[in-house]
Amino acid sequence: MNLLEGKRALIFGVANDHSIAWGIAKAMHEQGAELAFSYATEVLERRVRPLAESVGSSFVEQCNVTEDTEIESVFKKAADELGSIDILVHAVAFAGREELEGHFHNTTREGFRVAMEVSVYSFLALARASLPLMPEGGSMITLTFYASEKVFPNYNVMAVAKSALESTMRYLAADFGPRGIRVNAISPGPVRTLSAAGVSGFKRMYREFPAVAPLRRHVSPEDIGHSAVWLASDWARNITGQVLFVDSGYNILGAFSPDATSDP
Ligand code: NAD
């Protein structure tokens, strides 16, 4: 059975074939969804277009989410060419590399503004722009990280942005619920992507993760994709305003030493 048969998804955040958004796209394609893509800058087009074509999509539009005119233009094209959409995927985040190392208290005003604008406001802007394309309801999904709740070294302003993103997700869920639009966030464990490489110390956390997480394994973009398929499907029709952890159980731990949890 195809869970997303007859549904159309507009996906923001594919940069390459390691992107979480690409794992989500592949899983949605496998489950019968028709896909449309948007990428950030011109240089990414040569990576994203062939990926889109491999899943039968010819809708591949540039959109820097900090530009209202580019958001308007991609949604106008979507309205003209697709008519309506059922699923919005927001897998977009950015903070300057210098903000993702050292002490949080050194965060600059500009670094804070940029992280919040690209990683948080963009979800609000894309969600609002999706409204006219979702007259029959739909599902909006964003990507967050557990640093929104607990302190992770070096995540700094990105952690604060993820807290704001989760709150934004809940407010949108309350706003859009009466229209039959569900809004949720997926919180995955660490995945080796372009963005993750910008966080100082990420490699070490990634290496140590499977020794600590209850399920003793990493999370792949495909794993995240499968959860996104379920969230976007009618099987999750009464779920909105939630953070779904796809992290091998990492978030339930209070102790971070592998020695603290013994295998049976
Ligand atoms: P990625 O680098 O593949 O994806 C990030 C995307 O954001 C890229 O496609 C990039 O082009 C896009 N982007 C950045 N600035 C933009 C702008 N101004 N306009 C439009 N697009 C812009 O990395 P990823 O890890 O797949 O990240 C996807 C999401 O998953 C992010 O929200 C990230 O915080 C979240 N996440 C990642 C991890 C991880 O360990 N990789 C864990 C939890 C959550």
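A brief structural summary. Because the structure is predicted, anything quoted here is derived from the model rather than measured.

Observations regarding the nonpolar core
Nonpolar side chains in soluble globular proteins generally cluster together in the buried interior. Ranked by internal contacts, the top residues of the largest apolar core, which has 55 residues, are F12, F75, M140, Y155 and V183. Counting residues per element, the ones that place at least two in this core are β1 (8–12), α3 (68–81), α4 (109–130), α5 (156–176), β6 (181–188) and α6 (202–212). Aside from chain neighbours lying at most four places away, what touches Y155 is L100, F145, A147, V199, F202 and M205.

Points about helix α1 (residues 20–30)
With eight of 11 residues buried, α1 lies mostly within the body of the structure. Where α1 is concerned, the buried positions are I20, A21, W22, G23, I24, A25, A27 and M28. Phi turns positive one or two residues past the end of α1, at G32, with a value near 95 degrees.

So, the pairing of β6
When you tally the buried positions in β6, you get eight out of eight residues, the bulk of the element. The two faces of β6 match: I181, V183, A185 and S187 on one face and R182, N184, I186 and P188 on the other face are all buried. Judged from the six bridges that link them, strand β5 (residues 138–143) and β6 form a sheet pairing that is parallel. Bridged to S139 within β6 is R182. You can see the chain leave β5, run along α5 and come back into β6, and the turn it takes is right-handed.

A look at the environment of S167
When you line up the elements, S167 lands in helix α5. The exposure class assigned to S167 is partly exposed, which follows from its relative accessible area of 27%. As for S167 and G241, which are separated by 74 residues in sequence, their C-alpha atoms are 9.0 Å apart.

Digging into the packing of aromatic side chains
According to the stated counting rule, one finds 10 aromatic pairs in the structure shown. Ring centres 5.6 Å apart and planes at 90 degrees place the aromatic pair Y146 and F245 in the edge-to-face group. In this pair, Y146 sits in the loop between β5 and α5 while F245 sits in strand β7 (residues 243–246), placing the two residues 99 residues apart along the sequence. The class of Y146 is buried, set by a relative accessible area of 7%. Through successive ring pairs, a cluster of aromatic residues spans F145, Y146, F152, Y155, F209, F245 and Y250.

Rules used in this analysis
Residues numbered from 1 in each chain as written. Predicted model: local features only at pLDDT ≥ 70, side-chain atom pairs only at ≥ 80, totals over all residues. Heavy atoms only, no water. Core = buried A, V, L, I, M, F, W, Y, C linked by side-chain atoms within 4.5 Å. Buried < 20%, exposed > 50% of the residue type's maximum accessible area, 1.4 Å probe, protein only. Helix = DSSP H or I, 4+ residues; strand = E, 2+ residues; numbered from the N terminus. Contact = heavy atoms within 4.5 Å. Pairing = 2+ DSSP bridges. Right-handed = clockwise from strand over helix to strand, strands pointing away. Phe/Tyr/Trp six-rings, centres within 6.5 Å; stacked < 30°, edge-to-face > 60°.

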